[in-house]
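Results of the structural survey
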Amino acid sequence: MRRHRPRARRSHPRALPASLADTDTLLLGTHFAPPSAWRVVRHGEAYRLTPVPAGR
């Protein structure tokens, strides 16, 4: 039986946006109305989602 280790599975809330910011990686939100593809860009000390038009 495996032990549950919640601390090992948690990451900092900014870890995902920080790893995606200013890259060509798309963030896809499949349960949302279009546009559902986004790029994460740095905006000062925060992050902003920029929509990617379909077909690009």
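This text gives an overview of the structure that appears in the document. Owing to the predicted nature of the structure, the values given are computational and were not obtained by experimental measurement.

What follows is about the overall build of the chain. Scanning the chain for helices and strands turns up 2 helices and 3 strands. Its helices and strands taken in sequence order, the chain reads α-α-β-β-β from the N to the C terminus. Classification of the 56 residues of the chain by burial places 11% in the buried group. Considering only contacts in the chain between residues 6 or more positions apart, those separated by 24 or more positions represent 16%. Carbon and sulfur atoms make up 55% of the accessible area of the chain, which amounts to about 5300 Å² in all.

Mapped onto the elements, threonine 50 comes out in strand S3 (residues 46-51). In sequence terms threonine 50 and proline 35 are 15 residues apart; their C-alpha atoms lie 9.8 Å from each other.

This next bit is on the sheet that holds S3. Strand pairing in a sheet takes place through backbone hydrogen bonds and is either antiparallel or parallel in direction. Read from one edge of the open sheet, 3 strands run S1-S2-S3, paired in antiparallel fashion. The strands lining the two open edges of the sheet, one partner per strand, are strand S1 (27-28) and S3. Sheet topology places strand S2 (residues 37-43) next to S3; 6 bridges connect them, and they run antiparallel. When the sheet's bridge partners are listed, arginine 39 is paired in S3 with threonine 50.

This next bit is on the environment of alanine 46. Considering the arrangement of structural elements, one finds alanine 46 in strand S3. Residue class for alanine 46 comes out partly exposed when judged on its relative accessible area of 32%. The spacing of alanine 46 and proline 17 is 29 residues in sequence and 9.1 Å in space, taken between C-alpha atoms. Not counting chain neighbours up to four residues away, the residues in contact with alanine 46 comprise Arg14 and Val41.

Glancing now at the pattern of salt bridges. Throughout the structure, instances matching the rule amount to 1 salt bridge. Linking arginine 42 and aspartate 22 is a salt bridge whose minimum nitrogen-to-oxygen distance equals 3.3 Å. Here the residue arginine 42 occupies a position in strand S2, and aspartate 22 occupies one in the loop between helix H2 (15-20) and S1, the gap between them amounting to 20 residues.

Cut-offs used in this document
- In this numbering scheme, every chain counts its residues from 1 along its sequence in written order.
- Two thresholds apply to this predicted model, a pLDDT of at least 70 for residue-level local features and 80 or more for giving and counting side-chain atom pairs, whereas whole-chain, interface and lining totals are computed over all residues.
- Computation of side-chain values covers all heavy atoms of the structure but excludes hydrogens and water.
- A run of DSSP states H or I qualifies as a helix once it reaches four residues; a run of E qualifies as a strand once it reaches two. Both are numbered from the N-terminal end.
- For each residue, the accessible area found with a 1.4 Å probe, counting protein chains only, is set against the maximum for its type, and the residue is called buried under 20%, exposed over 50%, and partly exposed in between.
- Any two residues whose heavy atoms approach within 4.5 Å at even a single point are treated as in contact.
- In short, Shrake-Rupley with a 1.4 Å probe defines the accessible areas, and a residue's cover is counted only from the protein chains shown.
- Here a strand pair is declared whenever DSSP counts at least two bridges between the two strands.
- Any carboxyl oxygen of Asp or Glu within 4 Å of a side-chain nitrogen of Lys or Arg constitutes a salt bridge here.

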